[in-house]
Amino acid sequence: MNGTTLARPREGRIIAGVCAGFARRFGWNVTAVRLLAVLSFVLPGSQLLVYLICWAVIPSDPVTVRSTPPAAPQESTRPAA
């Protein structure tokens, strides 16, 4: 296991980020997880319902706010008296 918590990433989503979240959590290839998900939707069963439940239950990554560095003090262009 990768050690990260299960969350849907904000970057790299295709539909809802469920497959990307599972791939990141378990260290799997995201393309393989998406391919398996699409192939499973062809089979009879409730895979789409499980996907929708995961979409509703798994939280999105928290929004990271980038702090801007403080502005450098500006020098006065006024001539000295």
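Coordinates for the structure precede this section.
Residues numbered from 1 in each chain as written. Predicted model: local features only at pLDDT ≥ 70, side-chain atom pairs only at ≥ 80, totals over all residues. Heavy atoms only, no water.

Chemist: Can you walk me through the overall build of the chain in this structure?
Modeler: Scanning the chain for helices and strands turns up three helices and zero strands. Reading the helices (α) and strands (β) of the chain from amino to carboxyl end gives α-α-α. Relative to its full complement of 81 residues, the chain shows a buried share of 22%. By sequence separation, contacts in the chain at least 24 residues apart represent 46% of the contacts at least 6 residues apart. (Helix = DSSP H or I, 4+ residues; strand = E, 2+ residues; numbered from the N terminus. Buried < 20%, exposed > 50% of the residue type's maximum accessible area, 1.4 Å probe, protein only. Contact = heavy atoms within 4.5 Å.)

Chemist: What should I look at first to understand the pattern of salt bridges in this one?
Modeler: Side-chain pairs of opposite charge can arise where the charged atoms are in close proximity. A complete count under the given rule lists one salt bridge for this structure. Residue Arg-24 pairs with Asp-61 through a salt bridge whose shortest N-O separation is 2.9 Å. Of the two residues, Arg-24 sits in helix H1 (residues 18-26) while Asp-61 sits in the segment after helix H3 (47-57), which places them 37 residues apart along the sequence. (Salt bridge = Lys/Arg side-chain N within 4 Å of Asp/Glu carboxyl O.)

Chemist: Looking at this structure, how should I read the nonpolar core?
Modeler: Membership of the largest hydrophobic core is limited to nine residues, which are Ala-16, Val-18, Cys-19, Ala-23, Val-33, Ala-37, Tyr-51, Cys-54 and Ile-58. Of all the secondary structure elements, the ones that give two or more residues to this core are H1, helix H2 (30-42) and H3. Here the element with the most residues in this core is H1; it accounts for three residues. For Cys-19, the contacting residues outside a window of four places in its chain are Val-30, Val-33, Arg-34, Ala-37 and Tyr-51. (Core = buried A, V, L, I, M, F, W, Y, C linked by side-chain atoms within 4.5 Å.)

Chemist: Is there a simple way to explain H1 in this structure?
Modeler: Each turn of an α-helix holds 3.6 residues, which means side chains three or four residues apart point in the same direction. All buried positions along H1 are accounted for by Val-18, Cys-19, Ala-20, Gly-21, Ala-23 and Arg-25. Looking at the buried residues of H1, the elements they touch are H2 and H3. Backbone geometry just after H1 places Gly-27 at a positive phi near 75°.

Chemist: What is the right way to look at the side chain of Arg-8 in this model?
Modeler: Considering the arrangement of structural elements, one finds Arg-8 in the segment before H1. Put simply, Arg-8 is tucked away with no salt bridge, and the nearest opposite charge, on Asp-61, sits 8.8 Å away. In this structure Arg-8 touches Arg-13, Ala-16, Gly-17, Val-18, Trp-55, Ile-58, Pro-59, Ser-60 and Asp-61, once residues within four positions along its chain are discounted. (Lys, Arg positive; Asp, Glu negative; His and termini not counted.)

Shape descriptors only; they carry no functional weight alone.
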